[in-house]
Amino acid sequence: KSETCLIATGSNDKSIRIFRADTGEVSAPIKGHNGTIRCMKFCRINPSKSSQLLASVGSGDCCPRVWELSSGGGCKVLDPHPSTIHACVWISREVLATGCENGVVIIHDLLIFDQDESSSAVKSIQTPSSQPVFSLGYIGITNKVGLLVVGCGKGYMHIILIKQKGPRNIES
């Protein structure tokens, strides 16, 4: 049996739609952002059949969101950025990085956030160039160490070593 292929789209109407490539089904609009949706990423790390995670970032609300699509678990609104968010990337199934207009990358810990902690933000990193963050990538070296690749305005690129030392303990 082949894996279901999901495609997510976001738009200026502040909604997300999920397309199932195997059936052609289109979801009803998923609403929650109050601005244009700039970036979305499915979590492909240790996928779970009971929980399909989708991260989304929008421009108007400065708040990243994580949607639990397959379990109907709804949406988690993560700690906001100080300005428009343009990019997100999964570091692990529990850790998400988001980047914004003023050159700040925030590392969010969803596992701790699930345990009713008041904050999802574990680490805030100001890029050396302070240019807007337009893209994020992650290259895992081991299951706890990797490189966060940050693409910024004016052609700047930063590579940040990330070490996960445990819940709420991330070193860069």
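Residues numbered from 1 in each chain as written. Predicted model: local features only at pLDDT ≥ 70, side-chain atom pairs only at ≥ 80, totals over all residues. Heavy atoms only, no water.

A.B. asks: Just checking my understanding: could you explain the pattern of salt bridges for this structure?
C.D. replies: Pairing of side chains with opposite charge becomes possible as their charged atoms draw close. Overall, the coordinates contain 4 salt bridges when judged by the stated rule. Its salt-bridge partner being Asp-22, residue Arg-20 comes within 2.9 Å of it at the nearest N-O pair. Note on Arg-20: relative accessible area 29%, which makes it partly exposed. Since its relative accessible area comes to 47%, Asp-22 is described here as partly exposed. Ionic pairing is found between Arg-65 and Asp-61, a salt bridge with its closest N-O pair at 2.9 Å. Both residues of the pair, Arg-65 and Asp-61, belong to the buried class. (Salt bridge = Lys/Arg side-chain N within 4 Å of Asp/Glu carboxyl O. Buried < 20%, exposed > 50% of the residue type's maximum accessible area, 1.4 Å probe, protein only.)

A.B. asks: Could you clarify how one ought to interpret the pairing of strand E2 (residues 15-20) in this entry?
C.D. replies: Side chains on a regular strand alternate between the two faces of the sheet. Note that strand E1 (residues 6-10) and E2 share 5 bridges and pair antiparallel. Each bridged residue has a counterpart across the sheet, and for Leu-6 the counterpart in E2 is Arg-20. Between E1 and E2, which pair antiparallel in sequence order, lie 4 residues; one of them, Lys-14, sits at a positive phi of approximately 70°. Note: E2 against strand E3 (residues 30-31), 2 bridges, orientation antiparallel. (Pairing = 2+ DSSP bridges. Helix = DSSP H or I, 4+ residues; strand = E, 2+ residues; numbered from the N terminus.)

A.B. asks: I'm lost on unusual backbone geometry in this one. Help?
C.D. replies: Most peptide bonds take the trans configuration, and most residues that are not glycine carry a negative phi. Backbone geometry places Lys-14, a non-glycine residue, at a positive phi of 70°. The topology assignment puts Lys-14 in the loop between E1 and E2. By relative accessible area, which is 37% here, Lys-14 ends up partly exposed. Of note, the phi angle at Ser-130 is positive, near 60°, even though the residue is not glycine. Among the secondary structure elements, Ser-130 is positioned in the loop between strand E11 (121-126) and strand E12 (133-140). Residue classification places Ser-130 among the partly exposed positions, given a relative accessible area of 40%.

A.B. asks: Just to check I follow, could you spell out the nonpolar core for this structure?
C.D. replies: Soluble globular proteins tend to bury their nonpolar side chains together. Residues Ala-97, Val-105, Ile-107, Leu-136, Leu-148, Val-150 and Ile-162 are the most contacted members of the largest nonpolar core, which totals 17 residues. For this core, the secondary-structure elements that each account for two or more residues are strand E8 (85-92), strand E9 (95-100), strand E10 (104-109), E12, strand E13 (145-152) and strand E14 (157-166). In contact with Leu-136, not counting residues within four places along its chain, are Lys-41, Ala-87, Cys-88, Val-89, Ala-97, Thr-98, Gly-99, Val-105, Leu-148, Val-149 and Val-150. Ranked by size, the runner-up nonpolar core spans 15 residues in total, among them Cys-43, Val-66, Cys-88 and Ile-106. (Core = buried A, V, L, I, M, F, W, Y, C linked by side-chain atoms within 4.5 Å. Contact = heavy atoms within 4.5 Å.)

A.B. asks: When you look at the sheet that holds E1 in this model, what are you seeing that I'm missing?
C.D. replies: Either a parallel or an antiparallel arrangement is found when strands of a sheet pair, and the pairing is made through backbone hydrogen bonds. One open sheet accounts for 3 strands, arranged E1-E2-E3; its pairing is antiparallel. At either end of the open sheet lies a strand with only one pairing partner, and these are E1 and E3.

A.B. asks: How should the sheet that holds strand E5 (residues 53-58) be read in this particular structure?
C.D. replies: Pairing in this open sheet of 4 strands is antiparallel, and the strands run E4-E5-E6-E7 from one edge to the other. Each of the sheet's edge strands pairs with one partner strand only, and the pair in question is strand E4 (37-42) and strand E7 (74-77). Across this sheet, the average inter-strand angle for adjacent strands is 20°, counted without regard to direction. (Axes fitted to C-alpha atoms, helices over the stretch in contact; angles between N-to-C directions.)

A.B. asks: Would you mind going over the state of the cysteines with me for this structure?
C.D. replies: Two cysteines, two sulfur atoms, one covalent bond between them: this is a disulfide. Counted by the stated rule, this structure contains 0 disulfides. Cys-100 takes part in no disulfide bond, and the closest cysteine sulfur to it belongs to Cys-62, at a distance of 7.6 Å. Of the residues examined, Cys-100 reaches a relative accessible area of 0% and is grouped as buried. (Disulfide = S-S within 2.5 Å.)

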